Amino acid sequence: MDVLKSAAPSSFCDTCTVRNRAICSDLSRDELNALNSIGRQRKLRAGEQLIWEGDEAVLVANVIDGLLKLSSQTSDGREQILGIAYPSDFLGRPFGGSTPYGVEALTEAQVCVFERRDFDRFAREHPRLEHKLLERTLSELDRTRKWMLLLGRMNAEQKIASFLLQVADRAGESDSGEEDRITFDLQLSRQQIADVLGLTIETVSRQMTRMKSQGLIDLPSRRTVTILDRYALEDRAE
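Everything numeric in this text was worked out from a predicted model, so none of it was measured.

Asks: How would you explain the overall build of the protein chain if you had to name every residue and give the values?
Replies: In terms of helices and strands, the protein chain carries 8 helices and 12 strands. Taken against the 2.2 N^0.38 rule, which gives 18 Å for 238 residues, the C-alpha radius of gyration of the protein chain at 19 Å falls within 12% of a compact globule. In terms of overall dimensions, the protein chain has C-alpha extents of about 55 × 50 × 30 Å along its principal axes. Residues counted as buried form 49% of the 238 residues belonging to the protein chain. Sequence-distant contacts, at least 24 apart, represent 69% of the contacts inside the protein chain between residues at least 6 apart. Put simply, the protein chain shows about 12,300 Å² of open surface, and 45% of that area lies on carbon and sulfur atoms. Measuring between centres, the 33 positive side-chain charges of the protein chain sit 2 Å from its 38 negative side-chain charges.

Encoded structure:
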């Protein structure tokens, strides 16, 4: 299987929307050009698999746009969602032999893909990138722990509140400089949110409608959410 598509244009890093947040953010111009020379852009359709659990680790990737899910199969064949990857997140297992989880696009997505062996060699030669890899690994460990708590110990209200806060932190923008009032677009459908959180679509819709009636959030459209009272929503998440 050809995991890499046509070469990315030399100016891609200059126009990259996650350039200042991605793993390559600390690299110099020359280092970026060198990294760009071994990378490719790839577009994914919703539902398309990027990485297969248990397969040889042949690629790594930066998420440029869209959302992807990280998942694993339990012994009885059920899917366990391990987390969601957002723009600027790093995917794959550098310096590893096999991949511990699968990665599938939840929405249409764009990623910057590297052959794992090429990326490993580049990282060894560029300490600043290795340092970023360590930072991202530790951050991902923290997020995974929080995600396991969300799925295993929280009730439906806590799950929805935590999920909305997570998306707001990763994708939202403050309204008129008010830190507790944040508007963002949900790229996932109600059914996808239910699947990710281990709930039913009816429960997701009911909880979001309830939060709206209580003045915690507003729902200007089916995919748009405004957090009206972040502190109160954080209380619900706890």
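Asks: Could you give an account of the sheet that holds strand β8 (residues 109-115), naming the residues involved and the relevant values?
Replies: One open sheet holds the 4 strands; their spatial order is β1-β8-β3-β6, and the pairing between them is antiparallel. For this open sheet the edge positions go to β1 (39-44) and β6 (90-92), each flanked by a neighbour on one side alone. In this sheet, neighbouring strand axes are inclined to one another by 30° on average, regardless of whether the strands run parallel or antiparallel. Running over the sheet, helix α2 (residues 29-38) touches β1 and β8 and is turned about 55° from β1. In the packing of helix α3 (residues 116-125) onto the sheet, contacts are made with β3 (59-65), β6 and β8, and the angle to β8 comes to roughly 70°.

Asks: So what about the pairing of strand β7 (residues 102-105)? Which residues, and what values?
Replies: Here 2 bridges tie strand β2 (residues 49-51) to β7, and the two strands are oriented antiparallel to one another. Residue pairing for β7: Q49 is matched across the bridge by E104. Across 4 bridges, the pairing between strand β4 (residues 68-73) and β7 is antiparallel. Among the inter-strand pairings, K69 is bridged to a residue of β7, identified as E104.

Asks: With reference to specific residues and values, describe the packing of aromatic side chains.
Replies: With the rule as written, the count across this model stands at 2 aromatic pairs. Seen from their ring centres, F114 and F119 are 5.6 Å apart, and the 50° between their planes marks the pair as tilted. What makes F114 buried here is its relative accessible area of 2%. The exposure class of F119 is buried, given its relative accessible area of 0%.

Asks: Provide a residue-level description of the confidence of the model for the protein chain, including the pertinent values.
Replies: Here the protein chain shows a mean pLDDT of 84. Residues at 70 or above account for 91%. Mean pLDDT across the elements of the protein chain ranges from a minimum in strand β9 (residues 173-175), with 50, to a maximum in helix α7 (residues 201-213), with 95. Every residue in residues 1-10 is under pLDDT 50, and counting partners more than four places away or in other chains gives 21 contacts.

Asks: Any details on unusual backbone geometry? Residues and values, ideally.
Replies: At S88, a position not held by glycine, the phi torsion is positive, near 90°. By the element assignment, S88 lies in the loop between β5 (79-85) and β6.

Asks: Before we move on, could you go through empty space enclosed by the protein and cite the residues and values that matter?
Replies: This structure, assessed with the given rule, holds 2 cavities of 30 Å³ or more. By volume, the second largest cavity is sized at about 70 Å³. In this structure, the second largest cavity is lined by L67, I84, Y86, F163, V167, A171, D185, L186, Q187 and L188. With 3 residues, the top contributor of residues to the lining of the second largest cavity is helix α5 (residues 156-171). Partitioned by chemical class, the residues of the lining of the second largest cavity number 8 nonpolar, 1 polar and 1 charged.

What counts, and where the lines are drawn
Residues numbered from 1 in each chain as written. Predicted model: local features only at pLDDT ≥ 70, side-chain atom pairs only at ≥ 80, totals over all residues. Heavy atoms only, no water. Helix = DSSP H or I, 4+ residues; strand = E, 2+ residues; numbered from the N terminus. Rg over C-alpha atoms; globule rule 2.2 N^0.38 Å. Buried < 20%, exposed > 50% of the residue type's maximum accessible area, 1.4 Å probe, protein only. Contact = heavy atoms within 4.5 Å. Areas by Shrake-Rupley, 256 points an atom, 1.4 Å probe, with all protein chains shown as cover. Lys, Arg positive; Asp, Glu negative; His and termini not counted. Charge placed at Lys NZ, Arg CZ, Asp CG, Glu CD. Pairing = 2+ DSSP bridges. Axes fitted to C-alpha atoms, helices over the stretch in contact; angles between N-to-C directions. Phe/Tyr/Trp six-rings, centres within 6.5 Å; stacked < 30°, edge-to-face > 60°. pLDDT = per-residue confidence, 0-100. 1 Å grid on protein atoms, 1.4 Å probe; cavity = no way out; pocket = protein on both sides within 12 Å on 5 of 7 lines; lining within 4 Å. Points joined across faces, edges and corners; volume = space filled by probe spheres on them. Nonpolar A, V, L, I, M, F, W, Y, C, P; charged D, E, K, R; others polar.

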